[in-house]
Amino acid sequence: MSDAVPTDSPLHGSATVHVDATPDAVFALLTDLDRLPALSPENERCEFLGESSVIEVGATFRGHNRAGDYEWHADCVVTELEPGRRFAYEVPPKFEHATTWAYAIEPDTDGNGCTVTETFHAPLLGLPDIYPGRIEGRRDNLEQACQSTMANLKAAVEGGA
């Protein structure tokens with residue numbers, strides 16, 4: 001997926017934050033399955049699946065999520081991994097309408113801070129006959145979740161959590 005995501009698309013969303021931390025520190029947090037759920041308003045915990053035990057391209061993991069009273073789990077596969085720069089995964093793996101979540105990290109020129117963007121591309125949102133395309137406002141909820149995740153990332157990294 002391209003980093004250029006249309007802001008008015010019903011299938012895409014994003015949020016960006018500037019963080020006063022190194023790209024490596026941000027990347028380490030975003031790829032730590034034990035700490036990642038603390039950033040998200042929906043994700044409660046993650047666990048590796050099968051033979052996977054580290055974040056690398058092809059690694060699989062499961063996210064356990066909650067929105068209000070609704071709970072679900074989602075299997076994921078890491079599709080991109082560039083240390084200090086980019087992390088992306090697909091939910092669910094090998095599904096033609098999989099959602100791609102990506103984190104792009106752009107270092108400041110001085111190397112002491114960075115800009116982080118979380119994006120999603122969710123083809124299912126464009127299919128109203130298939131869940132979650134039937135959930136009114138789901139795209140906006142996902143984008144608001146991105147904004148919360150980025151705010152929580154900033155607080156966690158800058159606060160030393």
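That block above? That's the structure.
A few points on the structure. (Residues numbered from 1 in each chain as written. Predicted model: local features only at pLDDT ≥ 70, side-chain atom pairs only at ≥ 80, totals over all residues. Heavy atoms only, no water.)

**Quick notes on the overall build of the protein chain**
Within the protein chain, the secondary structure is distributed over two helices and seven strands. Mapped from its N terminus to its C terminus, the protein chain presents α and β elements in the order β-α-β-β-β-β-β-β-α. With 161 residues in all, the protein chain has 43% of them scored as buried. Once local pairs closer than 6 in sequence are excluded, the contacts in the protein chain between residues at least 24 apart make up 46%. (Helix = DSSP H or I, 4+ residues; strand = E, 2+ residues; numbered from the N terminus. Buried < 20%, exposed > 50% of the residue type's maximum accessible area, 1.4 Å probe, protein only. Contact = heavy atoms within 4.5 Å.)

**Let's talk about helix α2 (residues 138–158)**
The end-to-end C-alpha distance of α2, which contains 21 residues, comes to 30 Å, matching closely the 30 Å that a straight helix rising 1.5 Å per residue would cover. Restricting attention to buried positions, one finds in α2 the residues R138, R139, L142, E143, A145, C146, T149, M150, L153, A156 and V157. Buried residues of α2 fall within an arc of 150° about the axis and therefore sit on the same side. (Expected span 1.5 Å × (residues − 1). Arc of directions from axis to C-beta.)

**Section: the sheet that holds strand β5 (residues 86–91)**
One open sheet accounts for seven strands, arranged β1-β7-β6-β5-β4-β3-β2; its pairing is antiparallel. With partners counted over all chains shown, the strands left at the sheet margins are β1 (12–19) and β2 (43–48), one partner each. Taken over all neighbouring pairs, the strand axes of this sheet differ in orientation by 20° on average, direction set aside. Examined bridge by bridge, β5 and strand β6 (residues 99–107) share six bridges and lie antiparallel to one another. Note that in β6 the partner of F87 across the bridge is Y103. Docked against the sheet, helix α1 (residues 23–30) engages β1, β4 (70–82), β5, β6 and β7 (114–121), running at close to 160° with respect to β6. (Pairing = 2+ DSSP bridges. Axes fitted to C-alpha atoms, helices over the stretch in contact; angles between N-to-C directions.)

**Some words on the packing of aromatic side chains**
For the coordinates displayed, the defined rule picks out five aromatic pairs. Their ring planes at 70° and their centres at 5.2 Å tell us that F61 and Y89 sit as a pair that is edge-to-face. A residue pair is termed long-range when its members are at least 10 positions apart, and F61 in strand β3 (residues 60–67) and Y89 in strand β5 qualify at 28 residues. Pairing F87 with Y103 gives two aromatic rings, centres 6.0 Å apart and planes at 15°, and the pair type is stacked. Pair noted here: F87 is in strand β5 and Y103 is in strand β6, with a separation of 16 residues, a long-range link. Across the pair, exposure class does not vary: F87 and Y103 are buried alike. Through successive ring pairs, a cluster of aromatic residues spans F61, F87, Y89 and Y103. (Phe/Tyr/Trp six-rings, centres within 6.5 Å; stacked < 30°, edge-to-face > 60°.)

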